[in-house]
Amino acid sequence: MGEFNVHRVRFFNYVPSGIRCVAYNNQSNRLAVSRTDGTVEIYNLSANYFQEKFFPGHESRATEALCWAKGQRLFSAGLNGEIIEYDLQELAVKYAVDAFGGPIWSMAASPSGSQLLVGCEDGSVKLFQITPDRIQFERNFDRQKSRILSLSWHPAGTRVAAGSIDYISVFDAKSGSAIGKMLVDRQYMGVSKRKCIIWGVAFLSDGTVISVDSAGKVQIWDSATGTLVKNHLVSNADVQSIAVSDVSIAPVGAVPVYPGQRGEKAVSMICHQHCSLILSVVVEEDELRTVKKHLYSLPLGRKISEIFLVPGKNGDTLPLSKNADHLLHLKTKGPENIICSSISPCGGWIACSTASRFFLYRLNYEHDDISLQRVSKMPVFLRSALQILFAEDSTKLFVASNQGSLHVIRLLEGGFKHLHTFQPQSGTVQSMCLLAVSPDGSWLAASGTSAGVHVYNVKQLKLHCTVPAYNFPVTALAIAPNTNNLVIAHSDQQVFEYSIPDKQYTEWSRAVQKQGFHHLWLQRDTPITHISFHPKRPMHILLHDTYMFCLIDKSLPLPNDKTLLYNPLPPTNESDVIRRRTAHAFKISKKYKPLLFVDLLDEKTLVAVERPLDDIVAQLPPPIKKKKFGT
């Protein structure tokens, strides 16, 4: 494996956005997650919990509810009073409809998936019909006196339970009339509170309604008579959500499980924002950073891009003598977040994009003076981008749009020139989420929201080949120098090597698939996020996920399940026969974590960008605010 000088980078302050709400789709086994900055992410639970799609946040969109409807359609609603449907192919907002009821606090799709209910600030419950193209308003339910904070359909779709402040209402779904009301006790640990907020309700098939509230209670009601059947005080803080399942699951916190009819079990979960924040360290948008005068794009941040200068020369072992110099703070105007960004290898260009605007800057740094000039008059087709990548010689820029097209731009001293646009395959609209360009600039590989990978000839400006389809989505890809072999990592931890000139898998890749990876390698639950290559050792592949980085030496044999996978010791001398027999292709280090970025600066130098969880936790608010005596 050899030895490397490692630069550990921890000099920027990043705190992920908290999780606001989640929605699970039984049919596709996907989980939609909404964050406090308006970002919506989709995780494929069948593909090793991989985040396969995301929709960028917006300052005006404070999402309070998510739900899936019939036909794999995703809706969200929030405090701006709008219902939003997302285009899962183009990864953009499809349309937004004002519900005209003020801020929306809750939303639920009918069991058939053909109707949508929203609970509003003005106490109204509004029913919408889901048509093939949009949603259409159908009727208002009887208006209540306070905001509707939670909704739940009866499994038969005939009745609806709505949680408000101090009471629960039951509606007839066909007429919209209120047919029952259940008053909730305000008692909290023996003390009467001013208000009791019904954070969540669940309607069971036998007519039982289960509620969770701000007094820390889980209550079971008979909706037919409006009477309280059971009352359980489970927490001294708010119980904020409840879920119903056919099997028992482990709840968050010490909360009991209550049986329903036909084996149904209602499980309440204490979902405090603190816990959600700790568990939500995932990629949201892109932010621009630089390490030791080498510029990199890291998957971090929200709307801000910053550049730092670390003192010292490249290749030196640097003690922490002083903090990094803050050279540039780049922030987009308006309410939109940055979707993606990139910095050219020469350090002279910066490109970033929001959902509606594309930005290209010329960066100059001389004698400790930095200047930034924006390139104006961007063409209409560069309105937005999902992925941006510069060529190794910084003369070309590759831009992937949400329409499935790939734009090739030549960079000039004072501007740019559009060279070509690769259009998507006929009959398909697939957003390209990952790009990789060969070091010689001849080949461009692109992976979309499905598992397919297309390879384009940049010099001849045409599609060269398509890599055989695989069942799991691509998490990282890169093209090796000299050989032009494309290395692809998938969410199930499989790694393939594909020869672009020969249009087939390499012999090494075929050998790997024939023998199979080590079982501990396949059991990892975090995807590979970056792949790179040693500049002078073509047999070496460097890749990493959140908790390890690995160097694969293709000249060594592959490990089998009986071999020690992690940290095999290299031979100390030529007579050390035992250690030579145990040496294999995978050299793994878990010293640096959580890892956001790892790459080679030169043949003997690594840069590892970390964001320790303890530093994130230290900046989070306490999960439960407790009033201390005398304060």
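Note that this is a predicted model, so its numbers are computed, not measured.

Asks: Lay out the sheet that holds strand β41 (residues 453-457) with the relevant residues and their values.
Replies: In sheet architecture, strand pairing relies on hydrogen bonds along the backbone and comes in two forms, parallel and antiparallel. On the basis of which strands lie adjacent, the open sheet formed by four strands has the order β39-β40-β41-β42 and antiparallel pairing. Pairing within the sheet leaves two strands with one partner each, and these edge strands are β39 (432-437) and β42 (462-467). For this sheet, the mean angle separating the axes of adjacent strands, direction not counted, is 25°. Two strands pair when backbone bridges link them, and strand β40 (residues 443-448) and β41 are joined in this way by five bridges, in the antiparallel orientation. Counted as the bridge partner of A445 is V455 from β41.

Asks: Before we move on, could you go through the pattern of salt bridges and cite the residues and values that matter?
Replies: This model, assessed by the stated rule, comprises 15 salt bridges. Of the charged contacts, one joins E610 and R8 as a salt bridge, the two residues approaching to 2.9 Å between their closest N and O atoms. Highlighted residues: E610 in strand β52 (residues 605-610) and R8 in strand β1 (residues 5-9), separated in sequence by 602 residues. The class of R8 is partly exposed, set by a relative accessible area of 41%. The residue R147 makes a salt bridge to E121 at a minimum N-O spacing of 3.0 Å.

Asks: A description of the sheet that holds strand β51 (residues 595-602) should follow, citing residues and the corresponding values.
Replies: Spatially, the three strands line up as an open sheet ordered β1-β52-β51, and their pairing is mixed. Looking at the sheet topology across the chains shown, the edges are occupied by β1 and β51. Strand-to-strand twist of the sheet, defined as the mean angle between neighbouring strand axes without regard to direction, takes the value 20°. Where β1 lies against β52, five bridges are found, and the strand directions are parallel. Within β52, the position partnered with V9 by the bridge is V609.

Reading the values: rules and limits
- Residues numbered from 1 in each chain as written.
- Predicted model: local features only at pLDDT ≥ 70, side-chain atom pairs only at ≥ 80, totals over all residues.
- Heavy atoms only, no water.
- Pairing = 2+ DSSP bridges.
- Helix = DSSP H or I, 4+ residues; strand = E, 2+ residues; numbered from the N terminus.
- Axes fitted to C-alpha atoms, helices over the stretch in contact; angles between N-to-C directions.
- Salt bridge = Lys/Arg side-chain N within 4 Å of Asp/Glu carboxyl O.
- Buried < 20%, exposed > 50% of the residue type's maximum accessible area, 1.4 Å probe, protein only.

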